[in-house]
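So the chains spell out like this:
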Amino acid sequence: MKWSKAFIPTVKEDPSDAEVVSHKLMVRAGLMRKLAAGAYSYLPLGYRTLRKIEQIIRREMEAVGALELHMPVIQPGELWERTGRLKAYGPVLMNFTDRHGRRVVLGPTHEEVITTLVADNISSYKQLPLNLYQIQTKFRDEYRPRFGVLRTREFLMKDAYSFHLTIEDLKVTYEKMYQAYCRIFDRCGLDYVIVEAESGPIGGESSHEFMVPTEAGEDTLVRCSCGYAANLERATAATPKTEPKESPKDLRQVHTPGATTIDELTKMLNTPAEQLIKTLVLVGDGKPLAALVRGDHELNEAKLAHAAGVSNVQMADAQTIEKLTGAAVGFAGPVGLSDLPIIADKAVQGMVNAATGANKTDYHLLGVNPGRDFTPSTVADIRLAAPGDRCAKCNGELKFSKGIEVGHVFQPGAKYSDALGAQVLNEKGKNQPVLMGTYGIGLNRIMAAAIETRADEQGIIWPMSIAPFQVILVQLGQSDQVLATAEKLYEDLTARGCEVLWDDRDARPGVKFNDADLIGIPLRITIGEKALAKGNVELKPRTEKQPQLLEPAAAVDTVMRLINS
RNA sequence: CGGAGCGUAGCUCAGCUUGGCUAGAGCGCUGCGUUCGGGACGCAGAGGUCGGAGGUUCAAAUCCUCUCGCUCCGACCA
C-alpha cells in the first residue's frame, strides 16, 4: 500500500480529550477517531490491526474445536426477563421499543440467545460437548465510558459458549479455553497475569480474568510472590492477628454527638480505626442484615452476599436503618441488635475492647467484646483486601496494581439452562440441564493494551503479529534510482507475502521518520541516495537505534527472516 | 446519578475577569518559489452560525438563564 493512496491522518498534538497513552496514540497515529462518548470509528490502519487480532483468535478457537457462528445483535427483551438479567444489567442494557411496542435489547453478551438456540436444537447427550463462538459488536450503556477504547459503549467481543453433560466435561473444555486464551494473548504480544475473579452478572463459581498490568487499567490486581493473584473483588487477605493488649473491660456508653463517620470517631474518642467496629445495615434479597467490619476495613458487597446466601446486597436507606437500630445513621452497633442476622468479618472476631455504635443517637459503646457482648450469626471474610494486608496463603505481602481486563472465562453451569429450559436426555433416557461455560475476549482492549504497554516517546511499537503492516519503506527523495529501488523492494517483499506500507509521499525525511515511528511499524527500510551510492538500503527495527546497511536483495531476505522468526 | 472543568478555524489553544473597532496565534490545508537524512523557510491564500436557544444592552465570544455535547473524580460496572 502506498501511503499517498492510504488514509492515515496522523497528527502532531495530543487530542485534548485523551488521558491515557493508548487513546492519545490511537488518535495521533490515525488508527481511530471518536464519534461520541464511548463510540469510535476505526480507520483503515486501526482496522487492519483489529482484523489481525480477530484472525489470531479464530485460529486458536478452531484449534480447540470451537465453531464460529453469528447471532443477532437485536434480542427480545422477554428472553432477558426470563433469566432475570433485565434487572441484573439494569440501565447498562441498551434497549428500545420497536414499532409493535416490543422491548428489544441490543446484546451486551449472548448467553440468552445461545442457550435458546441450544435448547431448541440439541436434545441428546450424544451431541455434547459443543463449543460455539462469534466475534461481534456488543453494546453496553456504560455509566461512564472512558480511557479511549478501554471502556466504550460499543465494542468488539469474541464470545464463546460451551455446553456439557457433566461438570467434569465442562472443566475439561474450560481448561482448554483457558490455555487457548493464553496462546492468544501470547501471540498478541501481551504480558498478562491470570487472576481469580468474581463472576458478576454472568454467574457461576469458578472464574478467571486475564489482566494486562498497566497504570492505565481500571481494575485492581492483588498479587503475592507465592503466585496468588486475584482481582480486588475476589481477593482474600490473611486475617490480621490481633494480640490482645489488655484484658476485657466492662461495657461503657459514651456521648459522641454528631460523630457518624469513622474519621470523626477516631478523633473524638482518640482511638485508632482498627479499634472500631463498623456496623453497616444492608438489604439482601429484600431482607435486612447487619455487616460488621473493622473500622479501617472496607466492606466487599459481593463477599457479603455470598456469606449471607443472597443474590445481591445493597445499602439500606436511612429510614430502614433508623427503624431497625432505633438511632440515626452512624450510630448502629451489634450489641442488642438481635432481630437482624449479624455477619461479622473474620478480623472483627478477635477484637478486644472495641468501640461501636450504641444504637442510640449520639452515643457509642466502649469495651465491646465479640462473643461476650454480641454473637454474630456468621463469621466470614467479607472485606476488601487493602494495601498492607498479608497473603492468606503464605502470609507474604500483598501487592496492589492496576490492570486492563482483556479476557474472562466463567462457568455458569446450569444457570441459563434452568432459566431457559436447555435440557438433554442422558444415557439413562432422563432429562437433565445442559452445563455451560462462557468465555469472552475484548478485541479493542487487546489493541489498546498492546499500545499502552509497549509505546515509547516516539509512538506505538507494534508486535509483529498484530502490526497493521510488517514493513514500512521510507523513500527519501524522488530520484529515479531511489524510486526504482523502492519499487523493486515493494514488489519483491509483496511477492513473498510481506505486508508493506510504502511511504512514497513527497515529504521531508524528518516527517516520514517521525510518522513511521508514530504508527509503530516493526521494520523500517530506508531508501536514500546516501546509502544507495554504495548499493545499500537501511534496515531498522522500530526498537533499535541504529540501522543496518544491506543490499536490497539481502534486505528482503533479512526482513522475511525477521517476520517468520 | 452527585462533584469539578471545558466547548472560539480541520487540530492544539489565546481572547472572556473589566461588553465596544475587521475575532487572533501555532500546527495542518491550497498555490508559487527556495530547500531536502529526524516534524524546513519565504510570499500569497482558503477556512469561523465563537456548541445551541432565549434574555440584558445602543452594543455580547465576553454578562444572565436554559439547553446540548465532551472530559475528569466519585458512585456503579466486565
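Residues numbered from 1 in each chain as written. Chains lettered and ligands numbered in written order. Predicted model: local features only at pLDDT ≥ 70, side-chain atom pairs only at ≥ 80, totals over all residues. Heavy atoms only, no water.

**Things to note about the overall build of chain A**
Part 1 of the reasoning: Across its full length, chain A holds 16 helices and 29 strands.
Part 2 of the reasoning: Expressed as lengths along the three principal axes of its C-alpha atoms, the size of chain A is roughly 95 × 65 × 50 Å.
Part 3 of the reasoning: Here chain A holds 565 residues, and the buried ones make up 53% of them.
Part 4 of the reasoning: In chain A, 69% of the contacts between residues at least 6 apart in sequence involve partners at least 24 apart.
Part 5 of the reasoning: If you sum the accessible surface of chain A, you get close to 26000 Å²; carbon and sulfur atoms cover 49% of it. (Helix = DSSP H or I, 4+ residues; strand = E, 2+ residues; numbered from the N terminus. Buried < 20%, exposed > 50% of the residue type's maximum accessible area, 1.4 Å probe, protein only. Contact = heavy atoms within 4.5 Å. Areas by Shrake-Rupley, 256 points an atom, 1.4 Å probe, with all protein chains shown as cover.)

**Quick notes on the environment of Lys12**
Part 1 of the reasoning: In this structure, Lys12 sits in the segment before helix H1 (21–28).
Part 2 of the reasoning: With a relative accessible area of 79%, Lys12 lands in the exposed category.
Part 3 of the reasoning: C-alpha of Lys12 to C-alpha of Glu233: the two residues are 221 residues apart in sequence and 40 Å apart in space.

**Focus: the domain arrangement of chain A**
Part 1 of the reasoning: We note that the domain assignment places domain 1 (15–68 + 108–235 + 400–451), domain 2 (252–380) and domain 3 (469–564) within chain A.
Part 2 of the reasoning: Computed over C-alpha atoms, the centres of domain 1 and domain 3 are 38 Å apart.
Part 3 of the reasoning: Listed per partner, the contact involves six residues of domain 1 and five residues of domain 3.
Part 4 of the reasoning: Of the roughly 550 Å² buried at the junction of domain 1 and domain 3 (both faces included), carbon and sulfur atoms supply 64%. (Domains from an automatic or database assignment. Buried area = accessible area lost by both parts, 1.4 Å probe.)

**Some words on the environment of Ala455**
Part 1 of the reasoning: For Ala455, the position within the fold is in the loop between helix H12 (443–454) and strand S25 (471–475).
Part 2 of the reasoning: A C-alpha to C-alpha distance of 54 Å links Ala455 and Leu425, two positions 30 residues apart in sequence.
Part 3 of the reasoning: Filtering out sequence-adjacent residues up to four positions away, Ala455 remains in contact with Val21, Leu25, Ile460 and Ile461.

**Section: the packing of helix H2 (residues 44–63) against helix H6 (residues 167–187)**
Part 1 of the reasoning: Two elements in contact, H2 and H6, have axes separated by 9 Å at closest approach and are oriented at 150 degrees. With respect to H6, the element H2 is oriented roughly antiparallel. Between H2 and H6 the crossing geometry is right-handed. Residues Ile56, Ile57, Arg59, Glu60 and Met61 of H2 pack against Met177, Ala180, Tyr181, Arg183, Ile184 and Arg187 of H6.
Part 2 of the reasoning: When the residues that make up the contact of H2 with H6 are grouped by side-chain class, the tally is seven nonpolar, no polar and four charged. (Axes fitted to C-alpha atoms, helices over the stretch in contact; angles between N-to-C directions. Parallel < 35°, antiparallel > 145°, perpendicular 65-115°, else oblique. Left-handed = near helix turned anticlockwise from the far one by under 90°. Nonpolar A, V, L, I, M, F, W, Y, C, P; charged D, E, K, R; others polar.)

**Overview of the sheet that holds strand S4 (residues 74–76)**
Part 1 of the reasoning: Strand order in the open sheet formed by three strands is S4-S6-S5, and the pairing between neighbours is antiparallel. The open sheet has two edge strands with one neighbour each: S4 and strand S5 (94–97). Neighbour-to-neighbour, the strand axes of this sheet turn through a mean angle of 35 degrees, independent of strand direction.
Part 2 of the reasoning: Bridge analysis of S5 against strand S6 (residues 103–106) gives four bridges, and the strand direction is antiparallel. (Pairing = 2+ DSSP bridges.)

**Concerning the pairing of strand S2 (residues 39–42)**
Regular strands show a simple pattern: their side chains alternate between the two faces of the sheet.
Part 1 of the reasoning: Sheet topology note: the strand S1 (residues 32–36)/S2 ladder contains four bridges and is antiparallel. Along S2, the bridge assignment pairs Lys34 with Tyr40.
Part 2 of the reasoning: Between S1 and S2, which pair antiparallel and follow one another directly, the connecting turn spans two residues, one of which, Gly38, has a positive phi of 75 degrees.

**Thoughts on the nonpolar core**
Side chains of nonpolar character tend, in soluble globular proteins, to be buried together.
Part 1 of the reasoning: Grouped together as the largest cluster of nonpolar side chains are 64 residues, with contacts concentrated most on Tyr181 and Phe185.
Part 2 of the reasoning: With nine residues, the top contributor of residues to this core is H6.
Part 3 of the reasoning: When we break this core down by domain, the ones giving at least three residues each are domain 1 (15–68 + 108–235 + 400–451) and domain 3 (469–564).
Part 4 of the reasoning: Excluding residues that lie within four positions of it along the chain, Tyr181 makes contacts with Met61, Lys158, Phe210, Gly407, His408, Val409, Tyr439, Gly440 and Ile441.
Part 5 of the reasoning: Listed in part, the 23 residues of the second largest apolar core include Met71, Leu132, Tyr161 and Met436. (Core = buried A, V, L, I, M, F, W, Y, C linked by side-chain atoms within 4.5 Å.)

**Quick word on unusual backbone geometry**
Part 1 of the reasoning: With an omega of -5 degrees, the peptide bond running from Leu128 to Pro129 counts as cis.
Part 2 of the reasoning: Inspection of the secondary structure assignment puts Pro129 in the loop between helix H5 (111–121) and strand S7 (130–139).
Part 3 of the reasoning: Of note, Asn353 is a non-glycine position whose phi angle comes to about 55 degrees, a positive value.
Part 4 of the reasoning: By the secondary structure assignment, Asn353 is in the loop between helix H10 (346–349) and strand S18 (354–357).
Part 5 of the reasoning: Unlike most non-glycine residues, Asn395 shows phi in positive territory, near 65 degrees.
Part 6 of the reasoning: For Asn395, the location among the structural elements is in the loop between strand S20 (378–380) and strand S21 (399–413).

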